[in-house]
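Examining the three-dimensional arrangement
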Amino acid sequence: MSDTHAREDSLRRSLGLNRRQFMAATTGMAAAAAIPLALPGAAQADPAPVRDERHALVPASQRGIILYTVRDAISRNPLTSPLPSGFRKVFEALSAIGYAQVEFAGYTQNANSEGGANLETVQGAQLLRTWLDDNGLKAQGNHGFIPGSWPLSPADLDRFQRTLEIANIIGMQHVGTGNDPTSSNFKADWDLAIEKWHGLGQLAQAAGLKLYTHNHDAAYNFLLDSGPLDTLGRPTRSSGIRKLEYFLSQTDKHFVFLEMDLFWAHVAQYKHTLFTAPDGSVQTDIFDPFTLVRDNQKRYPLFHIKDGKLNPATSNGYDMVPLGTGDIGYKEFFNRVKIRDKHHPMYEQDNAPGGTANPAQSLDYARLSYENWAAMKEDRFYE
C-alpha cells in the first residue's frame with residue numbers, strides 16, 4: 001500500500017466511513033455516490049443520517065446483519081422489480097444504511113442477478129469478495145454446510161474443505177451452521193457430537209477459520225443424563241445442565257465456538273424452566289443468557305441481535321420485531337458484553353420480508369433497526 005493510500009485509509013477509519021463513502025465524501029458527491037438512484041418504493045432511497053458515534057454501545061465498525069433477514073431482496077428478480085435485487089445491489093443498500101459486516105445464509109440468489117444463481121464456487125466467491133470490498137463490507141461467517149457423516153465420508157470431507165476454501169476467498173474469520181450439533185436430548189448423542197465438532201474444528205483451524213454453531217431455544221433445554229433408564233436404555237431424568245452448556249463445557253475453546261441468538265435464548269428462558277431431577281423431584285431453573293455469555297465471552301465471537309416483544313399468548317413468549325422496538329434488554333446486554341473487534345453482532349429478523357404486500361419491508365426494517373442500534377449509548381450502570 002502506498003503512503004498516500006495508507007493516509008487515506010487511516011483518515012477513513014477515523015471518520016467511521018467505508019471505502020465507498022470516503023471516496024464520495026472526498027469528491028464532494030457523498031449523497032450521489034453513497035446512495036443508489038432513487039426508485040419508486042426503493043428502501044435505500046434516503047441517505048443515512050449523520051450520527052453521533054461518541055459513547056456508542058457498539059462501534060459502527062462492528063454493526064452487522066445476517067443476510068437471511070433480507071433474503072427476499074437477494075432472491076428478487078431484477079428484471080421485474082426496481083428494488084435492490086441480488087447480492088451486489090443488496091450490499092450497496094446495506095452499506096448505504098451503515099452496516100459494516102455481514103453474515104451469509106448460503107450463496108444463492110436470483111438467477112437473473114449478476115453472477116447467476118449459485119455463487120458457491122471459487123469464481124462466485126471471488127465475485128462476492130469484490131462486491132463486499134467495493135462497499136466497505138466485511139463477511140464474518142456463513143450458515144452453511146456441516147457434514148452429516150462421522151467419521152467423515154470422502155465426499156463430505158471434500159465438500160467441507162471446499163466450504164472452508166470459499167470462506168477464505170470471501171474473507172471470513174468464521175464458518176458455521178444454523179443448526180444445533182444434534183437435535184437429541186440424550187447425553188450419548190451430545191458426546192458423539194462433541195467428538196465430531198472437535199474434528200471439524202481442527203480442520204477449520206488448520207484453514208485459519210473458527211467453527212461455530214448457531215442455536216435456537218431447543219439447545220437450551222435440559223440434557224437427559226440420569227436414570228432411571230427407558231426401555232431402550234436411555235436416561236429419562238436430568239442433572240440440571242442444559243444441552244448447550246454441556247457442549248460448551250466439554251469442547252475445546254480453541255476449536256469450537258458458538259453464536260448466541262438472543263431472541264431464541266430468551267424464548268428458552270421463557271419455555272425451558274423445569275426439569276426432573278434424578279430423585280424424581282421437579283426442579284425450577286431460569287436460564288440467564290447474559291450471564292452465560294459474560295462468563296464465556298471468548299467462546300461467543302458472533303451473536304444474532306434479534307428483538308422480541310413480550311407476548312405470553314404465544315408458545316414462545318415473544319413476537320419478533322425490529323431491533324430496538326421490543327423488550328429484550330439490549331442496552332443491558334451490550335453494557336455487560338463489551339462489543340469490540342473480537343465480537344461480531346448481526347441483526348436478524350426472521351419475519352422481516354413483507355412479501356408482495358410490502359416488498360421493501362426487509363430493507364426498511366434493516367434501516368430502522370440500524371438507526372435504533374446506532375442510538376444506543378453506553379450506560380455505566382451495568383458495569
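First, a word on scope: everything that follows refers to the structure included in this document.

Analysis parameters
Residues numbered from 1 in each chain as written. Predicted model: local features only at pLDDT ≥ 70, side-chain atom pairs only at ≥ 80, totals over all residues. Heavy atoms only, no water. Helix = DSSP H or I, 4+ residues; strand = E, 2+ residues; numbered from the N terminus. Expected span 1.5 Å × (residues − 1). Buried < 20%, exposed > 50% of the residue type's maximum accessible area, 1.4 Å probe, protein only. Arc of directions from axis to C-beta. Contact = heavy atoms within 4.5 Å. Salt bridge = Lys/Arg side-chain N within 4 Å of Asp/Glu carboxyl O. Pairing = 2+ DSSP bridges. Right-handed = clockwise from strand over helix to strand, strands pointing away. Axes fitted to C-alpha atoms, helices over the stretch in contact; angles between N-to-C directions. Parallel < 35°, antiparallel > 145°, perpendicular 65-115°, else oblique. Left-handed = near helix turned anticlockwise from the far one by under 90°. Phe/Tyr/Trp six-rings, centres within 6.5 Å; stacked < 30°, edge-to-face > 60°.

A look at helix α7 (residues 154-170)
Working note: α-helix, 3.6 residues per turn, so residues spaced by three or four point in the same direction. When the terminal C-alpha atoms of α7 are compared, their 25 Å separation across 17 residues agrees well with the 24 Å that a helix rising 1.5 Å per residue should span. Taken together, the buried positions of α7 are Asp156, Phe160, Thr163, Leu164, Ile166, Ala167 and Ile170. Taken end-on, α7 shows its buried residues confined to a sector of 165 degrees, consistent with a single buried face. Residues of α7 that are exposed and angled more than 90 degrees away from the buried face: Pro154 and Ala155. The secondary structure elements touched by the buried residues of α7 are β2 (101-104), α6 (122-134), β3 (138-142), β4 (174-177), α8 (187-206) and β5 (210-215).

Notes on the pattern of salt bridges
Inspection of the entire model under this criterion finds 14 salt bridges. A salt bridge links Lys306 to Asp350; its shortest N-O distance comes to 3.1 Å. Taken together, the positions of Lys306 in the loop between β11 (302-305) and β12 (307-310) and Asp350 in the loop between β14 (344-347) and α13 (361-374) put the pair 44 residues apart, joining distant regions of the chain. One exposure class covers both Lys306 and Asp350, and it is buried. Here Arg336 ties to Glu332 by a salt bridge, and the two come within 2.8 Å at their closest N and O atoms. Here the residue Arg336 and the residue Glu332 both occupy positions in helix α12 (residues 330-336), the gap between them amounting to four residues, near one helical turn.

Re the pairing of β3
Side chains on a regular strand alternate between the two faces of the sheet. Counting buried positions over the five residues of β3 gives four, a clear majority of the element. In the sheet, β2 pairs with β3 via four bridges, with the strands oriented parallel. Bridge assignment links Glu103 to a residue of β3, and that residue is Gly141. Of the crossover connections in this fold, the one passing from β2 over α6 to the parallel β3 is right-handed.

Examining the sheet that holds strand β1 (residues 64-66)
The eight strands are arranged β3-β2-β1-β14-β11-β8-β5-β4 in an open sheet whose pairing can be described as parallel. Strand pairing shows two members of the sheet lacking a second neighbour, β3 and β4, which therefore form its edges. On average, each strand axis in the sheet is inclined to that of its neighbour by 30 degrees, with strand direction left out of account. Direction of pairing for β5 relative to strand β8 (residues 256-261): parallel, over a ladder of five bridges. Its bridge partner lying in β8, His214 is registered against Glu259. Packing of α13 onto the sheet brings it into contact with β1, β11 and β14, and relative to β14 it is tilted by some 135 degrees.

Considering the pairing of β14
Burial along β14 is two-sided: His344 and Met346 facing one way and Pro345 and Tyr347 facing the other are all buried. Alignment of β1 against β14, held across two bridges, turns out to be parallel. In the sheet register, Gly64 faces β14, and the bridge partner there is Met346.

Comments concerning the packing of helix α5 (residues 86-97) against α13
Contact pair α5 / α13: the axes reach a minimum separation of 10 Å and the direction vectors enclose 25 degrees. Accordingly, the angle class assigned to the pair α5 and α13 is roughly parallel. Both α5 and α13 take part in a crossing whose hand is right-handed. Taken together, the residues of α13 that come into contact with α5 (itself represented by Ala93, Leu94 and Ile97) are Leu363, Ala366, Arg367 and Tyr370.

A short note on the packing of aromatic side chains
Under the criterion given, the structure shown has 17 aromatic pairs. For the ring pair Phe87 and Phe91, a centre distance of 5.9 Å and an interplane angle of 40 degrees mean the geometry is tilted. Of this pair, Phe87 and Phe91 both sit in helix α5, four residues apart, roughly one helical turn. Each of the two residues, Phe87 as well as Phe91, counts as buried. Their ring planes at 90 degrees and their centres at 6.2 Å tell us that Phe91 and Phe104 sit as a pair that is edge-to-face. Within this pair, whereas Phe91 is found in helix α5, its partner Phe104 is found in strand β2, the two being separated by 13 residues in sequence.

Bear in mind that shape data such as this cannot, by itself, settle questions of function.
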